[in-house]
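So the chains spell out like this:
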Amino acid sequence: MNYYINLIKNSISVLFLIFIFLGCKNTVFKPNTYANKSSKIDSTIVADSAFEAQIMPFRKKLDAIMNRKIGFTKVALTKTEGESLLGNFVSDAILEKARTISTQKVDIGAVNNGGLRSPLPQGSITVGHIFELMPFENELVLVDLTGKQMKQYFEYHIGKKLHLSNTKVRAKGKILVEALIGGIPLDTMKTYTIAMSDYMATSEPPFIKTLQTKKLNIKFRDLLIYYFEEKTAKKDTVNPIISGRLVFE
Amino acid sequence: MNRRDFMQNTILTAGGLLISSQIPLLASNKKEIKLTILHTNDTHSRIDPFPNDGRKTSGLGGMSRRATLIKKIRKEEKNVLLFDSGDIFQGTPYFNYFGGELEYKLMSQMGYDASTLGNHDFDNGLNGLRKMLPNANFPMLISNYDFKNNDFKNTFQPYKIFEKEGLKIGVFGIGIEFEGLVPENLHEKTLYIDPVEKSKEMVKELTTKKCDLIICLSHLGYKYEENKISDTLLAQKVSGIDIILGAHTHTFLDKPVVIKNNEGFQTMVAQVGWAGIKLGRIDLTFSKDKSEKRYEGMSIEIS
């Protein structure tokens with residue numbers, strides 16, 4: 001009896017010995033042995049001169065393009081939750097440019113909050129600022145929606161980050177209680193045209209991908225540069241306000 | 001109780017005589033090998049520091065400063081590996097005008113060992129990306145994109161094994177689903193493969209090749225509210241990945257987060273925000289018999 005017990009014991013031991021050899025490589029980390037030594041390196045980090053020398057010719061080329069002033073904004077255009085000065089400014093610019101380029105009626109300009117990559121500071125605006133705001137190569141497109149789809153589009157974006165011009169959308173919780181386009185209540189029997197980026201037209205809500213788009217052959221970024229330049233030519237400045245376009249209660 | 005403690009305790013009770021020969025084996029060869037892993041993610045063409053314009057990120061970052069910092073660490077540490085987890089491209093005019101040339105050149109000079117592909121690395125299409133690759137002397141590792149529908153099959157590799165003082169470090173890349181992020185005309189019918197299945201396959205492969213440490217360069221994102229696959233979920237679903245160097249969600253983790261899954265395996269998940277504001281650093285110590293690993297995590301702000 002003892003013999004068998006010992007045999008089993010030893011077999012187990014041998015098995016474990018093998019296990020140790022194979023298993024040691026999979027040893028787990030011990031979380032109690034690491035320290036958080038997060039340390040801030042301040043401006044005492046000197047830029048590597050060889051790297052700087054290599055960057056310089058590229059930087060010079062860009063500076064010549066980017067430092068050109070194109071206009072002026074009286075207020076800083078920032079991104080905030082819901083309706084924002086930056087969102088209103090960009091969606092207004094989109095609608096205005098779409099209406100000058102296209103011969104067809106355009107009802108709404110739309111831009112997604114995620115597409116606005118950087119705020120615009122108060123004062124002079126340069127080409128570089130617009131590149132920061134809109135680095136992507138997105139183009140302006142028109143999408144026609146039936147009144148019913150338009151309602152779905154608004155409903156889908158309740159509480160989400162979409163900026164709209166020429167529109168007032170009010171929702172209580174998940175319920176759309178008011179939708180005005182050009183000051184007139186949404187008519188589910190009519191058709192509406194939205195100007196948006198080609199990216200947005202392949203994004204959300206899913207049905208938007210199934211709709212035909214019309215390219216206006218202008219980049220989102222260029223549209224904003226022209227918008228500023230035209231304002232400047234008219235001795236105008238940019239000064240958007242928060243007007244209660246998006247109200248999510 | 002972790003797996004190791006469990007085994008040791010079990011040996012003490014069941015091992016009888018054999019355990020006496022066991023202890024010196026474990027206790028010997030205490031010489032340590034130190035490995036320093038440096039990492040960035042979502043650097044987004046930030047060649048220059050952010051301008052001083054009052055933004056939260058004002059004056060931070062800059063590749064020339066990153067280069068100085070990396071050089072300094074290389075002087076202090078013998079075994080350094082340097083990785084990026086994707087979205088090297090897009091975000092400043094350097095990309096719009098030069099297509100990523102300078103980003104790759106400077107990273108090569110910093111001595112990057114590997115990167116994976118982020119969704120924005122496709123912004124000029126696969127052809128735009130391939131045109132830039134001669135500027136990079138490090139590989140783009142991606143295991144869960146299948147290029148069988150286009151002619152990019154031989155452009156990328158799924159994993160690479162690095163050796164430092166006899167230590168074998170297996171590194172594989174995992175990319176995010178294209179839906180809603182990369183249009184078909186840019187990815188050219190590249191197929192996205194489930195990251196969980198692919199990671200299991202990679203762990204198996206790298207374990208077979210006797211890797212002591214398995215690292216995943218992931219562009220999945222740290223964590224989502226919905227059930228979408230993320231670094232956090234990957235760590236829960238796949239045992240065997242020691243470290244996930246993450247990206248995409250621009251998450252600033254002050255230190256790596258350790259995730260223990262149902263099988264008791266612990267994975268360290270790290271991510272250092274974006275734009276090269278921080279350089280992540282993980283120091284690991286291996287005893288010479290490789291049976292023990294200890295680690296320290298820190299991130300350094302470049303300002």
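Remember, it's a predicted structure, so these values are computed and weren't measured experimentally.

Student: Tell me about the overall build of chain A, and please be specific about residues and values.
Tutor: Check the secondary structure of chain A and you find 6 helices and 12 strands. In chain A, buried positions account for 45% of the 249 residues. Sequence-distant contacts in chain A: of pairs separated by 6 or more residues, those separated by 24 or more amount to 79%. Within the structure as shown, chain A displays about 12900 Å² of accessible surface, and the carbon and sulfur contribution to it stands at 57%.

Student: Residue-level account of the packing of helix α3 (residues 85–101) of chain A against helix α6 (residues 220–233) of chain A, with values.
Tutor: All names here are of chain A. Orientation of α3 relative to α6, taken along the N-to-C sense of each, is 90°, at an axis distance of 10 Å. In terms of their interaxial angle, α3 and α6 are classed as roughly perpendicular. Residue-level contacts link Phe89, Val90, Ala93, Ile94, Glu96 and Lys97 of α3 to Phe220, Leu223, Leu224, Tyr226, Tyr227, Phe228 and Glu230 of α6. Grouping the amino acids of the contact of α3 with α6 by side-chain chemistry returns 10 nonpolar, no polar and 3 charged.

Student: An account of the state of the cysteines is requested, with residue identities and associated values reported.
Tutor: Residues and elements named next belong to chain B. Counting across every chain of the model gives 0 disulfides over all chains. Of all cysteine sulfurs, the one in Cys216 lies closest to Cys211, which takes part in no disulfide; the gap is 13 Å. Assessed through its relative accessible area of 0%, Cys216 is described here as buried.

Student: Any chance you could break down the nonpolar core for me, citing the residues and the numbers?
Tutor: Residues Phe89(A), Val90(A), Leu120(A), Leu140(A), Leu224(A), Tyr104(B) and Phe156(B) are the most contacted members of the largest nonpolar core, which totals 78 residues. Here this core takes 8 residues from α3(A), the largest share from any one element. With residues near it in sequence (within four places) discarded, Phe89(A) still touches Leu77(A), Leu120(A), Leu224(A), Tyr227(A), Phe228(A), Val238(A) and Pro240(A). Among the nonpolar cores identified, the runner-up in size contains 26 residues, and Ile108(A), Ala179(A), Tyr192(A) and Met200(A) belong to it.

Student: Residue-level account of the pattern of salt bridges, with values.
Tutor: All names here are of chain B. With the rule as written, the count across this model stands at 28 salt bridges over all chains. For Glu77, the salt bridge goes to Arg281, with nearest N and O atoms at 3.0 Å. Residue Glu77 is located in the loop between α3 (63–76) and β2 (80–84), and its partner Arg281 is located in strand β12 (residues 278–287); the two are separated by 204 residues in the primary sequence. For the residue pair Glu77 and Arg281, the accessibility class agrees, reading buried in each case. Its salt-bridge partner being Asp254, residue Lys278 comes within 3.9 Å of it at the nearest N-O pair. Of this pair, Lys278 sits in strand β12 while Asp254 is found in the loop between β9 (243–245) and β10 (257–260), placing the two residues 24 residues apart along the sequence. Using a relative accessible area of 9% as the deciding quantity, one classes Lys278 as buried.

Student: Could you give an account of the layout of surface pockets, with specific residues and numbers?
Tutor: Roughly 490 Å³ of volume is contained in the second largest pocket. As for the second largest pocket, its lining consists of 24 residues, and the residues nearest its centre are Asp63(A), Met66(A), Gly128(A), Glu132(A) and Pro51(B). Taken together, the elements giving at least two residues each to the lining of the second largest pocket come down to α2 (49–66) and α4 (127–133) of chain A together with α4 (93–98) of chain B. The element contributing the most residues to the lining of the second largest pocket is α2(A), with 4 residues. Looking at the lining of the second largest pocket residue by residue, the class counts come to 10 nonpolar, 7 polar and 7 charged.

Student: I'd like a description of the sheet that holds strand β3 (residues 108–112) of chain A, backed by residues and values.
Tutor: Residues and elements named next belong to chain A. Pairing is mixed across the open sheet formed by 5 strands, whose spatial order is β6-β3-β10-β5-β11. Looking along the sheet, the strands with just one partner apiece sit at the ends: β6 (162–164) and β11 (213–219). Within this sheet the neighbouring strands show an average axis-to-axis angle of 25°, counted without direction. Examined bridge by bridge, β3 and β6 share 3 bridges and lie antiparallel to one another. Its bridge partner lying in β6, Val111 is registered against His163. Packed onto the sheet, α3 meets β3, β5 (139–146), β6, β10 (191–197) and β11 and runs at close to 135° relative to β3. This element, α6, spans β3, β5, β10 and β11 of the sheet and lies at about 55° to β11.

Scoring rules and cut-offs
Residues numbered from 1 in each chain as written. Chains lettered and ligands numbered in written order. Predicted model: local features only at pLDDT ≥ 70, side-chain atom pairs only at ≥ 80, totals over all residues. Heavy atoms only, no water. Helix = DSSP H or I, 4+ residues; strand = E, 2+ residues; numbered from the N terminus. Buried < 20%, exposed > 50% of the residue type's maximum accessible area, 1.4 Å probe, protein only. Contact = heavy atoms within 4.5 Å. Areas by Shrake-Rupley, 256 points an atom, 1.4 Å probe, with all protein chains shown as cover. Axes fitted to C-alpha atoms, helices over the stretch in contact; angles between N-to-C directions. Parallel < 35°, antiparallel > 145°, perpendicular 65-115°, else oblique. Nonpolar A, V, L, I, M, F, W, Y, C, P; charged D, E, K, R; others polar. Disulfide = S-S within 2.5 Å. Core = buried A, V, L, I, M, F, W, Y, C linked by side-chain atoms within 4.5 Å. Salt bridge = Lys/Arg side-chain N within 4 Å of Asp/Glu carboxyl O. 1 Å grid on protein atoms, 1.4 Å probe; cavity = no way out; pocket = protein on both sides within 12 Å on 5 of 7 lines; lining within 4 Å. Points joined across faces, edges and corners; volume = space filled by probe spheres on them. Pairing = 2+ DSSP bridges.

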